[in-house]
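# Structure at a glance
What follows is each chain in one-letter form.
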Amino acid sequence: MANFVHELEQAAHIILAPPQAVTHQQRQAAEEVILAFRKSNNSLSVCRHIFEHSKHDYVLFQAATTIKDVVVRNWKELDKNEIESVRSFLLHFVTQKQSLQSYVREQVLQAVAIIFKRGTLDGKNRHQLMEDVSQMVASGNPQMQTIACSVLSALLNEFSSSARASDMGLNWEFHTTCKRNFEVNDLKQIFMLAVQLLHQHSNSPELHNPQRKAVVSRYLNVCEQILCWDFSNIRPARRTMIVSTDILVNFFKPDKSWRQTVMDKKLVEYFFQIHSLVRQDPEVCHHALQCLVQMASLSGSVFLAEEQRQEYFTNYIRCFLLMLSR
């Protein structure tokens, strides 16, 4: 196995070498080594061995990509306990190897998201990932929180639409069923995790520290993505869009399970507070403003009666006028 890892690393060195340092034949042979590895029926244990014994970023990237392929291709034949073990290992790996190149980390976490999605309908161990991410968010460690955000972003991308999701070779019904399951069981939890973290950082005197500011920006982006979510409870023929230049953005139309969350006056007040704290930073302010725009589009069955709608928007306008007066 050690020789196999060494062969992959040598191939990676050749592929990444400057054009003048290797011949065309050497590069082609190296690419064939990597492709042979990707196309072979490598077990998850082989890929795990690579993660444990290789420090080459490109090789780790290829191992993560291979795990994605194996999970998609051989899901029915794979032992589900082994899959969960690999999922847990990958998440632990990125938390322990914080010097990883970002492209490697994102690929590893995408593999985690694919494992989670592919197992959605099996219903086994699906809550463990959310528990792990919740602990990372609550840790107070900006590096852990950044990794947790990458996991959440990968999950949102996998479940949001077929355009962003990975190609699993499965029918449309599978993707739509998984999406609806995700909306019912996980989406609101992810939103509240992001709000929880933003609340932590908004009360911190180090909010404008570059690292903390980056964390806040990423979690605001997560909130924005959820507030723009195309909920499955809306029939396609009746979807309403806000058109801004060439971008189509959904109204925020969650179902009634979100009622208690969105009718809490503190939620709107809190996002206006965040906006006031970051309004001098164009990049972060953009995400905060988009969240406020989407919250202004709230509609649908989340309102039990017209009185609730009036109560919500009265509070929103009050916060808006207060923001203008500052």
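Everything that follows concerns the structure shown earlier in this document.
So, here is what we can say about the structure in this document. What you see is a predicted model, and the numbers here were worked out from it, not measured in a lab. (Residues numbered from 1 in each chain as written. Predicted model: local features only at pLDDT ≥ 70, side-chain atom pairs only at ≥ 80, totals over all residues. Heavy atoms only, no water.)

### Points about the overall build of the chain
Rule in force here: Secondary structure elements are defined from DSSP: runs of H or I of at least 4 residues count as helices, runs of E of at least 2 residues count as strands, and each element is numbered from the N terminus. Pairs of residues are marked as contacts when any of their non-hydrogen atoms sit within 4.5 Å. To measure how exposed things are, a 1.4 Å probe is used in the Shrake-Rupley method; for residues, cover is taken only from the protein chains shown.
On a plain count of helices and strands, the chain comes out with 14 helices and two strands. Viewed in the frame of its principal axes, the chain has a C-alpha envelope of about 70 × 45 × 40 Å. When contacts within the chain are restricted to residue pairs at least 6 apart in sequence, those whose partners lie at least 24 apart make up 70%. If you sum the accessible surface of the chain, you get close to 16,500 Å²; carbon and sulfur atoms cover 52% of it.

### Brief notes about the packing of aromatic side chains
To keep it simple, the criterion reads: Centres within 6.5 Å make a pair out of two Phe, Tyr or Trp rings, where for Trp the six-membered ring is used; the pair is then stacked when the planes are under 30 degrees apart, edge-to-face when over 60, and tilted otherwise. The criterion is that NZ of a Lys, or CZ of an Arg, lies within 6 Å of the ring centre and within 35 degrees of the ring normal, and then a charge sits over that ring.
This structure, assessed with the given rule, holds 18 aromatic pairs. Cation over ring: K117 sits above F159, and NZ or CZ is 5.7 Å from the ring centre.

### So, the nonpolar core
Going by this rule: Buried Ala, Val, Leu, Ile, Met, Phe, Trp, Tyr and Cys residues form a nonpolar core when they are joined through side-chain atoms within 4.5 Å. Residue exposure (1.4 Å probe, protein chains only): buried if accessible area is under 20% of the type maximum, exposed if over 50%, otherwise partly exposed.
Within the largest apolar cluster, 98 residues are counted, with the highest numbers of intra-cluster contacts made by F51, I67, L155, Y219 and F271. Each residue touching F51, except ones within four places of it in the same chain, is listed here: L60, A63, A64, I67, F89, L90, F93 and V108.

### Concerning the state of the cysteines
How we decide: Cysteine sulfur atoms that pair up within 2.5 Å are treated as a disulfide.
For the structure on display, the rule yields zero disulfides. In this structure C149 is not part of a disulfide, and its nearest cysteine sulfur, from C223, lies 9.1 Å away. Residue class for C149 comes out buried when judged on its relative accessible area of 1%. C291 carries a free sulfur, and the closest cysteine sulfur to it, the one in C223, is 5.3 Å from it.

### Observations concerning the packing of helix α8 (residues 142–160) against helix α9 (residues 172–202)
Which entries qualify depends on this criterion: Note on geometry: axes are lines fitted to C-alpha atoms, helical ones only across the stretch in contact, with angles between N-to-C directions running from 0 to 180 degrees. Should an angle lie under 35 degrees it is considered roughly parallel, over 145 roughly antiparallel, and from 65 to 115 roughly perpendicular; all remaining angles are considered oblique. Helix crossings fall into two classes, left-handed where the near helix is turned counterclockwise from the far one by less than a right angle and right-handed where it is turned clockwise. Note on residue categories: nonpolar means Ala, Val, Leu, Ile, Met, Phe, Trp, Tyr, Cys or Pro, charged means Asp, Glu, Lys or Arg, and polar means any other residue, Gly included.
Orientation of α8 relative to α9, taken along the N-to-C sense of each, is 150°, at an axis distance of 11 Å. Regarding the angle of α8 to α9, the classification is roughly antiparallel. For α8 against α9, the interelement crossing comes out left-handed. For the pair formed by α8 and α9, the contact residues are Q145, L152, L155, L156, F159 and S160 on the first element and C178, K179, F182, L187, I190, L197, Q200 and H201 on the second. Of the residues belonging to the contact of α8 with α9, the class tally is nine nonpolar, four polar and one charged.

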